[in-house]
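# Structural description and commentary
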Amino acid sequence: MDAMLLAFKMVFNVETMLIIMGSSIFGLFVGAVPGLSATMALALLVPMTFFMEPIPALAAMVTTSAMAIFAGDIPGCLLRMPGTAASAAYTDEAYAMSRNGHADTALGSGLVFSAIGGLFGTAVLILAAPVLAEFALNFTSFEYFWLILLGITCAIVISSDRPLKGAIMLLGGFLVASVGMNNPAAFPRFTGGNTDLLGGIGFLPMLIGMFAASEVLRSALDRSPKAMIVDQPIHNVFKGMWELTVKYPIQILRGSVLGTIVGALPGAGSDIAAWMSYAMSKKLSKEPEKFGTGHVEGIIESGAANNSALAGAWIPALVFGIPGDTLTAIVIGVLYMKNLNPGPTLFTTNPQNMYAIYILFIFANLIMIPFGWATIKVAKKLLNVRREILLPIILLACIVGTFGMNNSAFDVGIMLVAGVVAFILEENDFPVAPAILGVVLGPMLEENFVKSMIKSDGVFADFFARPVAGVLGVLTIIAWTYPMLRILWRRLMPKEQTA
Amino acid sequence: MKIHDSILGLIFVLIGTAILYTVSSYPQMPGQDVGPAMFPGVMAAGLVVFGGILTIRARVLPGPRQLFALGDWAHSPRHALAGLSIILGCAAYAFFSTVLGFLIIAPMVLFVWHLAFGVSVKTSLVSAVLTTLITWAVFYKGLGVPLPWGLLKSYAF
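Quantities reported herein were computed from a predicted structural model and do not represent experimental measurements. (Residues numbered from 1 in each chain as written. Chains lettered and ligands numbered in written order. Predicted model: local features only at pLDDT ≥ 70, side-chain atom pairs only at ≥ 80, totals over all residues.)

Another aspect to go through is the overall build of chain B. Looking only at helices and strands, chain B features five helices and two strands. Going from the N terminus to the C terminus, chain B shows its helices and strands as β-α-α-β-α-α-α. Compactness check: chain B gives a C-alpha radius of gyration of 24 Å against a globular reference of 15 Å for 157 residues, more than 25% above the reference. Each of the three principal axes of chain B carries a C-alpha extent, and together these read 55 × 50 × 20 Å. With 157 residues in all, chain B has 34% of them scored as buried. (Helix = DSSP H or I, 4+ residues; strand = E, 2+ residues; numbered from the N terminus. Rg over C-alpha atoms; globule rule 2.2 N^0.38 Å. Buried ≥ 20, exposed ≤ 12 C-beta atoms within 10 Å, placed from the backbone.)

Attention now goes to the overall build of chain A. Of the regular secondary structure elements, chain A holds 22 helices and zero strands. Rg of the C-alpha trace for chain A: 23 Å, near the compact-globule value of 23 Å for 499 residues, within the 12% margin. Along the first, second and third principal axes, the C-alpha atoms of chain A reach 70 × 70 × 55 Å. Considering only contacts in chain A between residues 6 or more positions apart, those separated by 24 or more positions represent 78%. (Contact = placed C-beta atoms within 7 Å.)

Another aspect to go through is the packing of helix H4 (residues 54-71) of chain A against helix H17 (residues 351-377) of chain A. Residue and element names in this part refer to chain A. In the contact formed by H4 and H17, the axes pass within 9 Å of each other and the chain directions differ by 40°. On the basis of their axis angle, the class for H4 and H17 is oblique. The element H4 and its partner H17 pack so that their crossing is right-handed. Across the interface between the two elements, Ile-55, Leu-58, Ala-59, Val-62, Thr-63, Ala-66, Met-67, Phe-70 and Ala-71 from H4 touch Ala-356, Ile-357, Leu-360, Phe-361, Ala-364, Asn-365, Met-368, Phe-371, Gly-372 and Thr-375 from H17. Grouping the amino acids of the contact of H4 with H17 by side-chain chemistry returns 15 nonpolar, four polar and no charged. (Axes fitted to C-alpha atoms, helices over the stretch in contact; angles between N-to-C directions. Parallel < 35°, antiparallel > 145°, perpendicular 65-115°, else oblique. Left-handed = near helix turned anticlockwise from the far one by under 90°. Nonpolar A, V, L, I, M, F, W, Y, C, P; charged D, E, K, R; others polar.)

This paragraph deals with the interface of chain B and chain A. Listed per partner, the contact involves 53 residues of chain B and 42 residues of chain A. Contributions of two or more residues to the side of chain B that touches chain A are made by strand S1 (2-3), helix H1 (5-23), helix H2 (38-60), helix H3 (77-100), helix H4 (102-116) and helix H5 (121-142) of chain B.

This part covers the confidence of the model for chain B. Residue and element names in this part refer to chain B. For chain B, the average pLDDT comes to 91, and 100% of its residues sit at 70 or higher. Per-element confidence in chain B ranges from a low mean pLDDT of 86 for strand S2 (residues 68-69) to a high of 96 for H1. Confidence metrics for the complex model read pTM 0.87 and ipTM 0.92. (pLDDT = per-residue confidence, 0-100.)

Right, let's get into unusual backbone geometry. Residue and element names in this part refer to chain A. The phi dihedral of Asn-339 is positive, around 60°, even though this residue is not glycine. Counting through the fold element by element, Asn-339 comes out in the loop between helix H15 (326-337) and helix H16 (345-349). Residue Asn-339 is classed as exposed on the basis of its C-beta count, with 7 C-beta atoms lying within 10 Å. Residue Asp-457 is not a glycine yet carries a positive backbone phi of 55°. Topologically, Asp-457 is positioned in the loop between helix H21 (433-455) and helix H22 (467-498).

Further remarks concern the environment of Arg-386 of chain A. Residues and elements named next belong to chain A. The topology assignment puts Arg-386 in the loop between helix H18 (379-383) and helix H19 (387-406). Arg-386 gets classed as exposed once you count the C-beta atoms within 10 Å, which come to 12. A C-alpha to C-alpha distance of 9.9 Å links Arg-386 and Val-33, two positions 353 residues apart in sequence.

Turning next to the environment of Ala-422 of chain A. Residue and element names in this part refer to chain A. Inspection of the secondary structure assignment puts Ala-422 in helix H20 (residues 409-427). Residue Ala-422 is classed as buried on the basis of its C-beta count, with 25 C-beta atoms lying within 10 Å. Once the C-alpha coordinates of Ala-422 and Glu-215 are considered, the two residues, 207 residues apart in sequence, prove to be 9.2 Å apart. Once you skip the residues sitting within four places of it in the chain, Ala-422 turns out to touch Gly-209, Met-210, Ser-214 and Val-432.

Here we come to the nonpolar core. Grouped together as the largest cluster of nonpolar side chains are 218 residues, with contacts concentrated most on Ala-43, Leu-207, Ala-212, Leu-360, Leu-395, Cys-398 and Ile-436 of chain A. No other element matches the 15 residues that helix H7 (residues 103-136) of chain A contributes to this core. Inspection of this core shows a minimum of three residues originating in each of domain 1 (2-69) and domain 2 (73-155) of chain B. When sequence neighbours within four positions are dropped, the list of residues in contact with Cys-398 of chain A reads Leu-44, Ile-208, Ala-212, Ala-213 and Met-415 of chain A. (Core = buried A, V, L, I, M, F, W, Y, C linked by C-beta atoms within 7 Å. Domains from an automatic or database assignment.)

Turning our eyes to something else, we now look at the packing of helix H3 (residues 38-49) of chain A against H15 of chain A. A pair of packed helices can be characterised by two numbers: the angle between their axes and the separation between those axes. Residue and element names in this part refer to chain A. Where H3 meets H15, the closest approach of the two axes is 10 Å, and the angle between their N-to-C directions is 5°. What the angle tells us is that H3 and H15 run roughly parallel. Residues Ala-38, Thr-39, Leu-42, Ala-43, Val-46 and Thr-49 of H3 form the contact with H15, whose participating residues are Thr-326, Leu-327, Ile-330, Gly-333 and Val-334. Taken together, the residues of the contact of H3 with H15 break down into seven nonpolar, four polar and no charged.

Once that is clear, we can look at helix H13 (residues 270-284) of chain A. Residues and elements named next belong to chain A. With 15 residues, H13 extends 21 Å between its outermost C-alpha atoms, agreeing within 8% with the 21 Å of an ideal straight helix rising 1.5 Å per residue. Burial runs high along H13: 11 of the 15 residues are buried. Among all positions in H13, only Ser-270, Asp-271, Ile-272, Ala-273, Ala-274, Trp-275, Met-276, Ser-277, Tyr-278, Ser-281 and Lys-282 are buried. (Expected span 1.5 Å × (residues − 1).)

Glancing now at the confidence of the model for chain A. Parts of the model with low pLDDT should not have their predicted coordinates read in detail. Across chain A, the average pLDDT comes to 88, with 98% of residues at 70 or higher. The least confident element of chain A is H22 of chain A, whose mean pLDDT is 79; the most confident is helix H11 (residues 241-247) of chain A, at 94.

Below, the structure written as structure tokens:
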């Protein structure tokens, strides 16, 4: 109980409240401007969190991501341009509703059911994380080794429609993480005698380069004509929400459950949750023919899914230190920076920190409703913001944020290289998210592998000796071989049939 | 900017091979089965294999055969200039910020970026100066980031 009281004090104080308010406005703004993603918002925020206490820093991350994911619905609805990838699944539907004169219902559904989905995901986080943490307390390096391998396999198979390119990006991330002396042997790798590289390639410059600078570059080179805002008045966005809740309770629950599960899977985040949920909603709907014509059912289900996925992604991040999506990969970086190393002991040594995170999630999803309402009110002005003025300002924020972490101009160079490389690779359909997972998980994977090898005296069979490790190992091998077995099966089947 | 998968695959094979060559000279750790070469070595081998598959697949499967194509932006000098200005501006900051100082280099790059993005001279100037001062106030005065003074060192406060 003392821990809970302490957690309330950590959250409800002037500093944290001011940071939550500022982060809310920042997240809503970035999410609402097309071309600026939720990941970019978090990447730009990380340098600021460097100067904050741990809980205010986490408050900033939680609030910004929740607000940005919701705000992505606004340009989707009024411009047919999703503000973030998580809104892309139902952008056409929301835009069709706006054109039919129901923009207020589309935006209201996005807002209210995002908050409900977010609260559902938080409830699962609160209930599941401590149980998993208790279970994970018995984990050794063997279990962690297999868990990381299984996690990255899921990330490649689930999150990317191009697993080969995803795998290449993941390996690239691992190799970037192996630069410097941060390895079990403390041997300087790939430094080329450059002392700036002894500490490795900074996570933050890479992050800002890959998710912020590359997006600025893409926007600068984008020649698509400016989208026209739907000229429909927006009245009371909350009107009819209760009726929708009563009409579609199964859809809300289904979207929230699916979103939380997908979010908790490593590598799959809000965007995949929303796509899967929208598809499921259409498939199971009593009125599937209405989908695509401006029907609210899919927006309700996938809107709940994308925000519940946010909280779901924190479960493996907090319990195992394995990011559920790109946003939690950034959060894990911040947790390490703040000496709140993720893992089961986080729940036992300082429970007040965990309670504070739970409170932050609940609070962020509750204040999303008034803040989101206010944003919808000024939406048309927000969407008219001059990007040609905004982009250079964001770029300067990227540079100063990168520089501020280590006061190093070298890091600015890393950011630039990472930004250009990410831009080129994304243009060629390489997913960037696996690379950042590789950077975060690379050192963990190597450390647990080396520890396990030393413990087992080089006998690889010992990797399967413990029950949980054995199960995880077999599951990983099945996940690796399944695509190959499927291809083989498909090739063999016609021959058998013709024989 | 589209580069054919066969070329990109080949680049990954070359990078992987170079890494394998580099780690082959890394020492073994006494009394251990795994040394510093193990992890990057396995990853580089993976890069060689997957890069090779990407190249072969791109050659075998039907699809565009053009090896290299610039994006739509290449047909618009303004967009190409905007993209180039971002790269050169960041590089200029990395190289000259320490010598010139933040209060000199930041408004310069901002002004150029605004112009390259198609903003009028007057608005570019006002935005560049205001953004520099606000950023300086937030990061230098507010957060304590030691942004370089450079040429203005004697006026530092």
